[in-house]
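Each chain, letter by letter, is given below.
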Amino acid sequence: MTYRLAPIDTSTFTAERAAAGTGTDHTVIGSAVQRSDARGHVTGRTEFFEDVAPPRLAHLKMHRSARHHARIADVDLTEALAVPRVLRILTHADIPNNLFTPLKLIGVGPDDEPVLAVDKVRYLGEPICAVVAETEAAALEGAARIKVTYEDLPPVFDVEEALKEGAPLVNEYHGQNHFRYEGHHCRRIRFGDVEEAFARADHVFEWRYQSAPIEQAPVETTGCVVVPQADGRLRIHSDTQACFFTLDNTALILETPFNKLRIVGGTVGGGFGGKVDVVVEPVACVAAMLADRPVKFVYDRAEEMQVSSPRAAERIYIKDAVMNDGRIIGRKVTLYVDAGAYSRHSPYGTTKAAAHLPGPYAIPNVWADCHCVFTNRTPSSAMRGFGVTIADFALESQMDRIARALDLDPLRLRLLNAYRDGDLKAHRKVAEGTALVEVIQKVAEMAGHELPETYRRMSSTTREGL
Amino acid sequence: MPSQIVSLVVNGEQREFIAAPGATLLASLRESLGLTAAKRGCAQGACGTCTVLVDGRPEVSCLVAVETVAGRSIRTLEGVAAGGELDEVQSAFVDCFATQCGFCTAGMIMVAEALLDRNPDPSDEDVVEAISGNVCRCTGYRPIVIAILEAARRRREQAPQEVASR
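Since we're looking at a predicted model, the values are computed, not measured. (Residues numbered from 1 in each chain as written. Chains lettered and ligands numbered in written order. Predicted model: local features only at pLDDT ≥ 70, side-chain atom pairs only at ≥ 80, totals over all residues. Heavy atoms only, no water.)

> In this structure, what is going on with unusual backbone geometry? I would like to understand it.
Leaving glycine aside, a negative phi is the common case for residues, and trans is the common case for peptide bonds. All names here are of chain A. At the junction of G109 and P110, the peptide bond is cis and its omega measures out at 5 degrees in the coordinates. With respect to the element layout, P110 can be found in the loop between strand 4 (99-100) and strand 5 (113-114). For the peptide bond that leads from L357 to P358, omega is 0 degrees, which places it in the cis range. Tracing the sequence through the fold places P358 in the loop between helix 10 (346-356) and strand 17 (366-374). (Helix = DSSP H or I, 4+ residues; strand = E, 2+ residues; numbered from the N terminus.)

> Sorry if this is basic, but what is going on with the sheet that holds strand 8 (residues 147-152) of chain A here?
By definition, the strands of a sheet pair up through backbone hydrogen bonds, in either a parallel or an antiparallel sense. Residues and elements named next belong to chain A. Sheet architecture is open: 3 strands sit in the order 6-2-8, paired in antiparallel fashion. Looking at strand neighbours, the two that pair on one side only are strand 6 (120-121) and strand 8, the edges of this open sheet. Examined bridge by bridge, strand 2 (residues 70-76) and strand 8 share 6 bridges and lie antiparallel to one another. When the bridges of strand 8 are listed, A70 appears paired with D152. (Pairing = 2+ DSSP bridges.)

> Can you walk me through the sheet that holds strand 9 (residues 187-191) of chain A in this structure?
All names here are of chain A. Strand order in the open sheet formed by 5 strands is 9-17-16-15-10, with mixed pairing between adjacent strands. Each edge of the sheet is formed by a strand with only one pairing partner; in this case those strands are strand 9 and strand 10 (203-210). This sheet shows a mean twist of 5 degrees between the axes of neighbouring strands, independent of strand direction. Pairing between strand 9 and strand 17: 5 bridges, direction antiparallel. When the bridges of strand 17 are listed, R188 appears paired with D369. Packing against the sheet, helix 11 (residues 388-405) makes contact with strand 10, strand 15 (314-322) and strand 16 (328-340), and its axis sits at approximately 140 degrees to strand 10. (Axes fitted to C-alpha atoms, helices over the stretch in contact; angles between N-to-C directions. Contact = heavy atoms within 4.5 Å.)

> Help me out: how do you make sense of helix 7 (residues 243-254) of chain A in this one?
In an α-helix, one turn spans 3.6 residues; hence positions three or four apart end up facing the same way. All names here are of chain A. The end-to-end C-alpha distance of helix 7, which contains 12 residues, comes to 16 Å, matching closely the 16 Å that a straight helix rising 1.5 Å per residue would cover. The complete set of buried residues in helix 7 reads F245, T246, L247, N249, T250, A251, I253 and L254. Considering only its buried residues, helix 7 is in contact with strand 4, strand 12 (234-238), strand 13 (261-264) and helix 8 (280-291). (Expected span 1.5 Å × (residues − 1). Buried < 20%, exposed > 50% of the residue type's maximum accessible area, 1.4 Å probe, protein only.)

> What's the story with the domain arrangement of chain B in this structure? I'm lost.
Residue and element names in this part refer to chain B. Structurally, chain B comprises domain 1 (4-79) and domain 2 (82-165). Domain 1 and domain 2 are separated by 21 Å when their C-alpha centres are compared. Listed per partner, the contact involves 17 residues of domain 1 and 14 residues of domain 2. Where domain 1 abuts domain 2, roughly 1200 Å² becomes buried across the two surfaces, and 64% of that area is made up of carbon and sulfur atoms. For the domain 1 face of the interface with domain 2, the top three residues by lost area are T49, T51 and L77, together amounting to 38%. The tally of links between domain 1 and domain 2 comes to 0 salt bridges. Seen at the junction of domain 1 and domain 2, the total is 3 residue pairs in polar contact (both at pLDDT 80 or more). (Domains from an automatic or database assignment. Buried area = accessible area lost by both parts, 1.4 Å probe. Salt bridge = Lys/Arg side-chain N within 4 Å of Asp/Glu carboxyl O. Polar contact = N/O pair within 3.5 Å; in protein donor to acceptor, adjacent residues only side chain to side chain.)

> Which parts of the structure should I look at to understand the nonpolar core?
In a soluble, globular protein the nonpolar side chains are often hidden away together inside. By size, the foremost hydrophobic cluster in this structure holds 46 residues, and its most contacted members are L60, V226, V283 and F297 of chain A. Take this core: its biggest share by element is 8 residues, from helix 8 of chain A. For this core, the domains that each give at least three residues are domain 1 (47-153 + 223-306) and domain 2 (187-214 + 310-456) of chain A. Not counting residues up to four positions away in its chain, the partners in contact with L60 of chain A are A130, V131, V132, V283, A284, A287, V295, K296 and F297 of chain A. Counting 41 residues, the second-largest nonpolar core is a separate cluster that includes V42 of chain A together with I131, I144 and V145 of chain B. (Core = buried A, V, L, I, M, F, W, Y, C linked by side-chain atoms within 4.5 Å.)

> Where do I start with the pattern of salt bridges in this structure?
Going through the model one piece at a time under the given rule, you end up with 50 salt bridges over all chains. Salt-bridge contacts for R344 of chain A lead to E113 of chain A; the nearest nitrogen and oxygen are separated by 2.7 Å. Here the residue R344 of chain A occupies a position in the loop between strand 16 and helix 10, and E113 of chain A occupies one in strand 5, the gap between them amounting to 231 residues. Classification of R344 of chain A by relative accessible area gives buried; the value is 3%. Measuring nitrogen to oxygen at the nearest pair gives 2.8 Å for the salt bridge that ties E172 of chain A to R122 of chain A. You can see E172 of chain A sitting in the loop between helix 5 (159-163) and strand 9 and its partner R122 of chain A sitting in the loop between strand 6 and strand 7 (127-133), a full 50 residues away along the chain. Counted as one network, the salt bridges with shared partners bring together D87, E88, E113, D117 and R155 of chain B.

> Looking at this structure, I do not really get the domain arrangement of chain A. What am I missing?
By a frequent convention, interface size equals the accessible area lost on bringing the separate parts together. Residue and element names in this part refer to chain A. Under the domain assignment, chain A is made up of domain 1 (47-153 + 223-306) and domain 2 (187-214 + 310-456). Each of domain 1 and domain 2 has a C-alpha centre, and these two points are 39 Å apart. Both faces considered, domain 1 and domain 2 share a buried interface measuring about 1500 Å² in area, 53% of it formed by carbon and sulfur atoms. When residues of domain 1 are sorted by the area they lose upon contact with domain 2, Y123, F272 and D277 head the list and together hold 32% of the total. Our count for the domain 1 to domain 2 interface comes out at 2 salt bridges. Applying the counting criterion to the domain 1 and domain 2 interface returns 10 residue pairs in polar contact (both at pLDDT 80 or more).

Structure (structure tokens):
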């Protein structure tokens with residue numbers, strides 16, 4: 001059995017170290033440096049938000065929508081309020097500024113999501129009422145005893161169905177089932193003339209790609225503990241990945257000056273993008289203010305899987321104009337991001353997807369429409385390279401399928417089409433610092449994949465050999 | 001059903017506390033005894049981050065009703081570093097970069113302690129088997145396996161006679 005401690009090889013930087021020549025080694029790159037938080041982790045002394053246990057801690061549990069899409073006809077709190085040790089039940093009327101969207105901080109609008117549902121629910125699991133109780137069990141029982149009467153509305157779960165004439169309207173704040181980008185119905189790229197390219201191409205290939213939503217599934221679920229302070233401020237212990245973003249959004253929802261809130265955080269038991277939306281803190285803050293005692297609101301595992309926002313499902317159509325030798329002369333992409341019922345970070349994710357097209361290839365004619373679509377599914381949001389990752393799955397699958405269809409080496413196909421320094425990209429940016437050619441050459445070498453001499457001599461800095 | 005007084009030996013110390021009916025070992029450690037190293041990840045025995053040792057055996061403490069282990073010996077991560085000195089498993093986790101977010105670490109170290117107690121020279125497969133009930137969503141499994149093997153090696157070097165006598 002052989003194994004090694006990682007990383008071990010720091011010799012690469014010996015010369016730099018020697019060249020520093022001061023007698024003191026200030027070079028960090030290439031040396032193993034202990035993580036500053038590791039000692040806390042291995043001794044169990046790292047403080048995660050749920051390790052905080054203030055006296056008189058109350059617990060918040062949510063009553064959630066049992067429908068994908070419905071009007072709320074009636075909410076009956078009578079039985080829930082009668083549960084012993086239930087302190088208070090919050091509805092939308094208790095939230096100072098109930099309507100929000102987290103990216104309003106960077107000018108994204110309109111506000112399209114209620115903190116607690118008002119007259120309608122738009123996805124299964126949407127929060128309606130928050131029960132605050134002295135014990136977790138009482139909060140759970142209170143939440144279970146709330147009676148909501150629904151008038152069902154037709155739901156829509158498919159991005160293309162949602163964009164059809166006559167589809168059920170998911171989100172009235174937008175007025176249509178898509179996000180509008182500066183007056184346009186989607187994020188668009190127009191570069192050259194793809195139709196002309198299809199007309200003169202030797203081959204036209206069109207395929208469809210579909211991904212599912214992906215839950216980040218951190219081992220520590222989303223949550224916070226809010227502690228009212230003697231000076232009137234609220235101290236928020238949270239596992240958010242975005243402390244200041246959370247503070248600012250929470251202040252806007254509470255209609256309170258930013259300096260009334262203090263976030264204690266930065267220790268996140270796994271996030272992966274799933275702890276960026278500001279969902280638990282605002283309602284827990286209102287609960288702590290109204291109950292005048294510390295409140296904990298933490299998702300159980302089922303809530304984490306059901307209602308925390310996943311990576312968006314995407315549907316992507318790619319149509320390529322390809323010559324016999326493998327050169328791609330036109331690429332048309334129609335991409336749909338399933339935002340679910342509310343914006344969250346998906347308008348931004350859709351822009352990222354558009355920015356990533358047509359992949360790292362020099363294609364002279366590009367047309368893309370990238371739609372951010374509202375459906376009655378769980379709101380999607382950030383997750384590790386959102387927008388980009390699924391686009392890459394589609395683009396690189398497309399490259400492999402073209403190679404197979406034309407019986408070409410998939411690496412040579414990519415080397416032929418890879419962008420080089422100086423190429424004008426579809427977004428009217430000149431490519432610089434490109435390295436795809438060299439990366440593919442190295443991969444081929446490491447995998448023992450034979451490339452002909454002309455391909456081995458290709459470079460990102462010239463168009464030689466093309 | 002009334003609450004009852006439960007007595008446990010935790011990290012070598014006799015501890016008594018009042019447990020509500022149905023209280024789990026995890027909740028008792030965290031809320032009654034203030035020992036928060038063991039975490040709640042799923043509360044359904046699926047993620048392993050709440051693992052502690054009960055009479056030396058790793059158990060997911062979120063599924064153990066505390067009155068069923070009354071009088072038994074419980075070991076948590078707080079009891080691993082004697083006098084503030086990291087033990088071999090802890091120091092190997094630091095040196096091998098086997099921690100990332102840190103939320104699975106307590107459970108990982110406790111299953112590693114149990115493994116090395118009964119098998120001082122585990123194979124790679126033994127380690128993988130030992131941590132198979134523990135989820136690391138940062139997906140740092142490989143460094144964790146390497147760290148546990150390194151800890152075993154350090155422990156064998158440090159106390160060869162003791163190991164030989166087991």
